[in-house]
2 protein chains.
Amino acid sequence: MKKLFVVGIGPGAYEEMTLRAVRTLQQCQVIVGYTVYVDLIREHFADKEFLTTPMRQETERCRLALKAAEEGRLTAMICSGDAGVYGMAGVLLELAAAYHQVEIEVVPGVTAAVSGAAVLGAPLMHDFAVISLSDLMTPWERIEQRLRAAAAADFIICLYNPCSKKRSDYLRRACEILLEYRESGNLCGYVSNIGREGMCSKICTLEELMEAKTDMFTTVFVGNSDTKAVNGNLVTPRGYLL
Amino acid sequence: MKKLFVVGIGPGAYEEMTLRAVRTLQQCQVIVGYTVYVDLIREHFADKEFLTTPMRQETERCRLALKAAEEGRLTAMICSGDAGVYGMAGVLLELAAAYHQVEIEVVPGVTAAVSGAAVLGAPLMHDFAVISLSDLMTPWERIEQRLRAAAAADFIICLYNPCSKKRSDYLRRACEILLEYRESGNLCGYVSNIGREGMCSKICTLEELMEAKTDMFTTVFVGNSDTKAVNGNLVTPRGYLL
């Protein structure tokens, strides 16, 4: 069998990769990925052949990787964060069913929920829900249903893809839904460009979150009813007797 | 200010640590942790001073670390997986408020939801909820409410702490609740000892999950209504046109 690795590179900084991810990329001949993420790691793997496709060409990117692997070149497809959380691992496994000589190995990485939480403090210390606000492939009604369920059951909520050029008001719409269940002072936070140049983070209330300037590189956190600010950190207590 | 690092070491294998976690531990003089996790990494950091406490002595462990840091020794507290997901980052940030000379830095790691998913394939490709079945510090009613909310809104569900010696039937009780909302054939999977000696994983139905033998080192995944098996992998499609 020929191996095709799908590797989560973490939030972007080289040092946030796992040793396993680094060693996997070092041993490969070909690295395939979205242009932006390939540029984040290119300098550290300068001797590799890089194949890139722009956004929205995910299945084409997977086929590029599968073909390279089938031709006998040891290949890795990279994803930001973790390959299995809104990444390419799923579609790659599905497409690979037609490539009988190629076996997929998923190399996990630090997803934005985890790396963003570390920047803010410790908001994810209790049960949490991860929801993407992108309705490119998910009907908005389903997203709304999940926001309502998570808000009502007092989950900490982590929002991926809070907005894009075409969806500039989605975070506001999500906040309006959450405010039906939560106090306006419910503590929240968001982090942009986690572990990369231009990283910035902010702690705010749910009401203030409605007006937050976010982009597709922002991860948003909505605390639960216990979440509080401790010395400038967003912390959800787990219940230890202190 | 004196720094105290709280470091997620990932699922357990040395190579699943991030470069940043490795470098952080290398530069520290003292490493503090739960005995089992310290033993996982001890050989790679043989020149360090190790301070350990057994399970259930989490706040004492935090105070050990804070004291070592306050005394001027560069110190890291380690957690399995990520420090911010049911880890020590939260309680450490709370306790640190009384140690004015000590500043906490959270170094994120690969949490079991992510590392376990990679072993099974790609179950977490869509919105998911992470729920701990431990009722040591959370009333069971709240856990049950979250199970119901996540099941009804078709989240993929990842269960931490599915059982322990004292809670041997909790996974069964959780499955009974989920079966009120989900088909008995709903695909699931579980992984024990992720990335460590004795790792094993299994894909099964929700009905079969009721009888699964799990322990405190098992992570459980309950797929959503789209989750399927592809060549022996558990995959939740995200909606790409293939």
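Refer to the preceding data block for the structure.
The structure presented is a predicted model; accordingly, all values stated were derived computationally and were not measured.

Chemist: Quick question: what am I supposed to make of unusual backbone geometry here?
Modeler: The phi torsion of most residues other than glycine is negative, and most of the peptide bonds are trans. A positive phi angle, close to 50 degrees, is found at Asn193 of chain A, a residue other than glycine. Mapped onto the elements of the fold, Asn193 of chain A is located in the loop between β9 (187–192) and β10 (200–205). In this structure, Asn231 of chain B is a non-glycine residue whose phi angle is positive, near 50 degrees.

Chemist: When you look at the pairing of strand β11 (residues 218–222) of chain B in this model, what are you seeing that I'm missing?
Modeler: A regular strand carries its side chains on alternate faces of the sheet. Residue and element names in this part refer to chain B. For β11, the tally of buried residues reaches 5 of 5 residues, placing the bulk of the element in the interior. What you see with β11 is no split at all: Thr218, Val220 and Val222 on one side and Thr219 and Phe221 on the other are buried throughout. Direction of pairing for strand β8 (residues 156–160) relative to β11: antiparallel, over a ladder of 3 bridges. Bridge pairing in β11 links Ile157 to Val222. Looking at chain direction, strand β9 (residues 187–192) and β11 are connected through 5 bridges and run antiparallel. What sits directly across from Val191, in β11, is Thr219.

Chemist: Help me out: how do you make sense of the sheet that holds strand β6 (residues 121–122) of chain B in this one?
Modeler: The strands making up a sheet associate through backbone hydrogen bonding, with each pair oriented either parallel or antiparallel. All names here are of chain B. One open sheet holds the 3 strands; their spatial order is β6-β13-β12, and the pairing between them is mixed. Unpaired on one side and paired on the other, β6 and β12 (228–230) mark the two borders of the sheet. Of the pairings in the sheet, the one linking β12 to strand β13 (residues 233–235) comprises 3 bridges and is antiparallel in character. Bridged to Ala229 within β13 is Leu234.

Conventions used here
Residues numbered from 1 in each chain as written. Chains lettered and ligands numbered in written order. Predicted model: local features only at pLDDT ≥ 70, side-chain atom pairs only at ≥ 80, totals over all residues. Heavy atoms only, no water. Helix = DSSP H or I, 4+ residues; strand = E, 2+ residues; numbered from the N terminus. Buried < 20%, exposed > 50% of the residue type's maximum accessible area, 1.4 Å probe, protein only. Pairing = 2+ DSSP bridges.

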